[in-house]
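Each chain, written out:
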Amino acid sequence: QVQLVESGGGLVQAGGSLRLSCAASGRTSSSYGMGWFRQAPGKEREFVAAINWSGVRTYGADSVKGRFTISRDNAKNTVYLQMNSLKPEDTANYYCAADRALAIFTTAVPNYWGQGTQVTVSS
């Protein structure tokens, strides 16, 4: 199994930056695809970005392309989401997720989830 713990959320003004971290633990965690979802008040959960086990393949939602970058450091079993040029509409609870198949992040529901970290962007 995989356990995921997010960190790095907080309050930031529009135009600012944050870097979210997701620490993974488990025997096979380094071979899993990893990604991020978010859910804002009154909105459905939406996909943000995902990365495969090697870090050479990534997906990103159109709403964050050019502003957010996903990366991973397998030596630390950690996935990052660098968020730049933040907007108030980016305000949401951000969840880290993991699964064997990268395609699941955009076609289904990943098997493993963290508890989330809150990102609030003020105007």
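The structure this text deals with has already been given above.
What this report covers is the structure whose coordinates are included nearby. Just so you know, these numbers come straight off a predicted model, no measurement behind them.

This part takes up the state of the cysteines. Each disulfide consists of a covalent bond between the sulfur atoms of two cysteine residues. Scanning all chains against the criterion turns up one disulfide. Through a disulfide, cysteine 22 is tied to cysteine 96; the S-S separation comes to 2.0 Å. The sign of the -85 degrees torsion about the S-S bond sets the cysteine 22-cysteine 96 disulfide as left-handed. Remark: cysteine 96 occurs in strand E9 (residues 92-99) and cysteine 22 occurs in strand E3 (residues 18-25); sequence separation between them is 74 residues. Take cysteine 22 and cysteine 96: they sit in the same class, and that class is buried.

Quick look at the environment of valine 121 now. Here valine 121 lies in strand E11 (residues 117-122). A relative accessible area of 6% places valine 121 in the buried class. Taking the C-alpha atoms as reference points, valine 121 and lysine 87, 34 residues apart in sequence, are found 6.2 Å from one another.

Counted under the stated rule, the structure contains four salt bridges. Across the pair aspartate 90 and arginine 38 runs a salt bridge whose closest N-O atoms are separated by 3.0 Å. Residue aspartate 90 is found in the loop between strand E8 (78-83) and E9, and its partner arginine 38 is found in strand E4 (residues 33-39); the two are separated by 52 residues along the sequence. On the accessibility criterion, aspartate 90 (0% relative accessible area) is buried. Across the salt bridge formed by lysine 65 and aspartate 62, the nearest N and O atoms sit 3.6 Å from each other. One exposure class covers both lysine 65 and aspartate 62, and it is exposed. What you see here is one network of salt bridges that share partners, running through Arg38, Glu46, Arg67 and Asp90.

Strand order in the open sheet made by the four strands is E1-E3-E8-E7, with antiparallel pairing throughout. Of all the strands in the sheet, just strand E1 (3-7) and strand E7 (68-73) have a single pairing partner and so form its edges. Adjacent strand axes in the sheet meet at a mean angle of 15 degrees when their direction is disregarded. Pairing of E7 with E8 involves six bridges; the strand directions are antiparallel.

Further remarks concern the pairing of E9. Counted residue by residue, E9 has eight buried out of eight residues, so it is predominantly covered. Across seven bridges, the pairing between E4 and E9 is antiparallel. Note that in E9 the partner of glycine 35 across the bridge is alanine 97. Both E9 and E11 contribute to a ladder of three bridges, which runs antiparallel. Within E11, the position partnered with alanine 92 by the bridge is valine 119. For E9 and strand E10 (residues 112-113), the ladder comprises two bridges, and the chain directions are antiparallel. Across the sheet, the residue bridging to alanine 98 is tyrosine 112, located in E10.

Basis of the calculations
Within any chain, residue numbers begin from 1 and follow the written order of that chain's sequence. Reporting of local features is limited, given that this is a predicted model, to residues whose pLDDT is at least 70; pairs of side-chain atoms are given and counted only at 80 or more, and all residues count toward the totals for whole chains, interfaces and linings. Side-chain descriptors were evaluated using all non-hydrogen atoms of the structure, hydrogens and water having been removed beforehand. In this description, a disulfide is simply a cysteine sulfur pair whose atoms lie within 2.5 Å. Each helix is a run of H or I in the DSSP string that is no shorter than four residues. Each strand is a run of E no shorter than two, and both are numbered from the N terminus. Burial classification: accessible surface area is computed with a 1.4 Å probe over protein chains only, and a residue below 20% of its type maximum counts as buried, one above 50% as exposed, and the rest as partly exposed. When a carboxyl oxygen of Asp or Glu is within 4 Å of a side-chain nitrogen of Lys or Arg, the pair counts as a salt bridge. In short, DSSP must find at least two bridges between two strands for them to pair. Axis lines are fitted through C-alpha atoms, for helices just across the contact stretch, and the angle between N-to-C directions can take any value from 0 to 180 degrees.

All we've got here are geometric facts, nothing functional implied.
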